[in-house]
Amino acid sequence: MPKKRWIIVAVLLLAAGICAGVAISQMSGASTRKLASYSDIPEEEETEDAEEEAEETAQTSVEEEPETVEETEEEDYESPIDFASLQEINEDVYAWIDIPGAEISYPVLQHPTDEEYYLKRDIEGNYDSNGSIFSQASYNTNDMTDPVTVFYGHNMKSGAMFGNLEETYSDAEKFAEYNEIVIYMPEEELHYQVFAAVPYSNIHILDYYNMSNENRFETFISTIWSARGFGVNLDESVDVSWGDRIIVLSTCQSGSTTRYLVLAKLIDDDMNDDIDDQ
């Protein structure tokens, strides 16, 4: 009997140990699952916050973009010259030349077929010994994009047109003072720097020199730099080279068969594009 009793006691103790082990294992698993579920909560909240912040940032960027575009918009150019009224009088008006302070300020015209039409005509097409300031359609466009554009005007004793051109620019002080020429156009204005004023032969410059050719352009400019004598003024600090755009104011010299030229270079870099060889 004692031996059986010990066997029964041992079996009961073993059974109790097994039950206790199972209970502890279940409690440990439950605790682990509970800790895992709590640790997941902050991660879900952080993800939701990040998504909300990303949406707010994107929305802010979209709302601010139109303001940036509005700030970068440029105002349209408004010319101080009433070209609409001038072109109602004569559609051949395409520009206005102004030399600040030098009392030279006139419309510029170009007849489409007759090169000398405005030699003795005013803006209305009526006979006028003063004529008008004009360019020639066979040699120049009316958009100021040619390598060299020539404006013609009479040397009037009254001072009208280019009547005081030689008197002004043959004087060294006035040459330095009136060194800017402004060309107004309907949609822009161009600023030129005077670099030379010289007596010149009466050849037709644009007929004699093909200014769309680099070599011919350079040859013409070299004749200007080499000019010497009375009435010559040069600003050699101005660099003039192929690709620049030049205007030439041309008038006759009193009591002479030669002409007097004032040359200026476009100094507006936005307009001063290179000219392709032709």
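Computed from a predicted model, the values in this text were never measured in an experiment. (Residues numbered from 1 in each chain as written. Predicted model: local features only at pLDDT ≥ 70, side-chain atom pairs only at ≥ 80, totals over all residues. Heavy atoms only, no water.)

## Some points on the overall build of the protein
Moving on, step 1. Tallying secondary structure elements over the protein gives 6 helices and 9 strands in all.
Moving on, step 2. Here the protein, with 278 residues, has 37% of them falling under the buried criterion.
Moving on, step 3. Pairs at least 24 apart in sequence give 62% of the contacts found in the protein among residues at least 6 apart.
Moving on, step 4. Total accessible area on the protein stands at roughly 17200 Å², and carbon and sulfur atoms take up 49% of it. (Helix = DSSP H or I, 4+ residues; strand = E, 2+ residues; numbered from the N terminus. Buried < 20%, exposed > 50% of the residue type's maximum accessible area, 1.4 Å probe, protein only. Contact = heavy atoms within 4.5 Å. Areas by Shrake-Rupley, 256 points an atom, 1.4 Å probe, with all protein chains shown as cover.)

## Let's talk about the packing of aromatic side chains
Moving on, step 1. On inspection of all chains with the given rule, the structure shows 8 aromatic pairs.
Moving on, step 2. Relative to Tyr209, the ring of Tyr208 lies with its centre 4.9 Å away and its plane at 80°, an arrangement referred to as edge-to-face.
Moving on, step 3. An aromatic cluster is present here, built from Tyr200, Tyr208, Tyr209 and Phe220 joined pairwise through their rings.
Moving on, step 4. Positioned over the ring face of Tyr117 is Arg121, at 4.0 Å from the centre of the ring. (Phe/Tyr/Trp six-rings, centres within 6.5 Å; stacked < 30°, edge-to-face > 60°. Lys NZ or Arg CZ within 6 Å of the ring centre and 35° of its normal.)

## Quick word on the side chain of Lys265
Moving on, step 1. Mapped onto the fold, Lys265 is located in strand β9 (residues 259-266).
Moving on, step 2. Its relative accessible area of 15% is what places Lys265 among the buried residues.
Moving on, step 3. In terms of polar contacts, Lys265 uses its side chain to reach the backbone carbonyl oxygen of Asp239, at 2.5 Å.
Moving on, step 4. If sequence neighbours within four positions are ignored, Lys265 has contacts with His191, Tyr192, Gln193, Phe195, Val238, Asp239, Val240, Asp244, Arg245 and Ile246. (Polar contact = N/O pair within 3.5 Å; in protein donor to acceptor, adjacent residues only side chain to side chain.)

## Some points on the environment of Glu214
Moving on, step 1. Secondary-structure assignment places Glu214 in helix α6 (residues 214-225).
Moving on, step 2. As for Glu214 and Pro147, which are separated by 67 residues in sequence, their C-alpha atoms are 9.7 Å apart.

## Things to note about the confidence of the model for the protein
Note that predicted coordinates carrying low pLDDT should not be read in detail.
Moving on, step 1. Summing up the model confidence of the protein, the mean pLDDT is 81 and the portion of residues at 70 or higher is 70%.
Moving on, step 2. Between residues 9-48, whose pLDDT stays under 50, and residues either more than four places distant or in other chains, the model counts 0 contacts.
Moving on, step 3. Confidence drops under a pLDDT of 50 for residues 65-73, and excluding neighbours within four residues, the segment shows 0 contacts in the predicted structure. (pLDDT = per-residue confidence, 0-100.)

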